[in-house]
Amino acid sequence: QVQLVESGGGLVQPGGSLRLSCAASGSIYNIINIKLMGWYRQAPGKQRELVAAVASDGATSYADSVKGRFTISRDNAKNTVYLQMNSLKPEDTAVYYCHAQTAGSRRGTFINYWGQGTQVTVSS
């Protein structure tokens, strides 16, 4: 019901910047009911971890490892979430996945959606 498409990944040198975008599409009903969007990342051999998230009211949260360097934002009109990544480090190298959460059909339930992922490589 909700499709997420990431873009903006690529190769960047340490200290550089990159901006990721995630556009949500699907039925209007489901799109407008997205309550939370965010970014996860997974490096080879490691578990997927939450990087940043933004709620529909604009509240944001970040992993400690990216605080002060990454900024998440959301454009509700475009159904798009962005991740501005500054001062990138080699350890930021990972596949970054967009995530969205909608309310389920029953109160207190939620449905999670995932994008296909976009590769971010930080290397000199």
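As shown above, the structure is provided for reference.
Residues numbered from 1 in each chain as written. Predicted model: local features only at pLDDT ≥ 70, side-chain atom pairs only at ≥ 80, totals over all residues. Heavy atoms only, no water.

Trainee: Any chance you could break down the overall build of the chain for me, citing the residues and the numbers?
Mentor: Looking only at helices and strands, the chain has one helix and 11 strands in total. For the chain, whose C-alpha radius of gyration is 14 Å, the value lies close to the compact-globule estimate of 14 Å for 124 residues. Each of the three principal axes of the chain carries a C-alpha extent, and together these read 50 × 25 × 25 Å. Counting over 124 residues, the chain shows a buried share of 40%. (Helix = DSSP H or I, 4+ residues; strand = E, 2+ residues; numbered from the N terminus. Rg over C-alpha atoms; globule rule 2.2 N^0.38 Å. Buried < 20%, exposed > 50% of the residue type's maximum accessible area, 1.4 Å probe, protein only.)

Trainee: If you had to explain the pairing of strand β3 (residues 18-26) to someone new, which residues and values would you point to?
Mentor: Of the pairings in the sheet, the one linking strand β1 (residues 2-7) to β3 comprises six bridges and is antiparallel in character. Directly across from glutamine 3, in β3, lies its bridge partner serine 25. In the sheet, β3 pairs with strand β8 (residues 80-85) via six bridges, with the strands oriented antiparallel. Each bridged residue has a counterpart across the sheet, and for alanine 23 the counterpart in β8 is threonine 80. (Pairing = 2+ DSSP bridges.)

Trainee: Residues and numbers for the environment of glycine 45, please.
Mentor: Its place among the elements puts glycine 45 in the loop between β4 (34-42) and β5 (49-55). The class of glycine 45 is exposed, set by a relative accessible area of 89%. Residues glycine 45 and alanine 59, spaced 14 residues apart in sequence, show a C-alpha to C-alpha distance of 31 Å.

Trainee: Outline the packing of aromatic side chains, listing residues and values.
Mentor: For any pair of aromatic rings, the description consists of the separation of the ring centres together with the inter-plane angle of the planes. Going through the model one piece at a time under the given rule, you end up with one aromatic pair. Sitting over the ring of tyrosine 97, arginine 48 keeps its end group 3.9 Å from the ring centre. (Phe/Tyr/Trp six-rings, centres within 6.5 Å; stacked < 30°, edge-to-face > 60°. Lys NZ or Arg CZ within 6 Å of the ring centre and 35° of its normal.)

Trainee: Please set out the environment of aspartate 57 residue by residue, giving values where relevant.
Mentor: Here aspartate 57 shows up in the loop between β5 and β6 (60-62). Taking the C-alpha atoms as reference, aspartate 57 lies 9.1 Å from leucine 36; in sequence the two are 21 residues apart. Engagement of the side chain of aspartate 57 in a polar contact is seen with the backbone nitrogen of alanine 59, the distance being 3.0 Å. (Polar contact = N/O pair within 3.5 Å; in protein donor to acceptor, adjacent residues only side chain to side chain.)

Trainee: Go over the state of the cysteines, please, and point to the residues and values.
Mentor: If you walk through the whole model with that rule in mind, you get one disulfide. The residue that forms a disulfide with cysteine 22 is cysteine 98, at a sulfur-sulfur distance of 1.9 Å. Handedness of the cysteine 22-cysteine 98 disulfide follows from its S-S torsion of about -85°: it is left-handed. Pair noted here: cysteine 22 is in strand β3 and cysteine 98 is in strand β9 (residues 94-103), with a separation of 76 residues, a long-range link. (Disulfide = S-S within 2.5 Å.)

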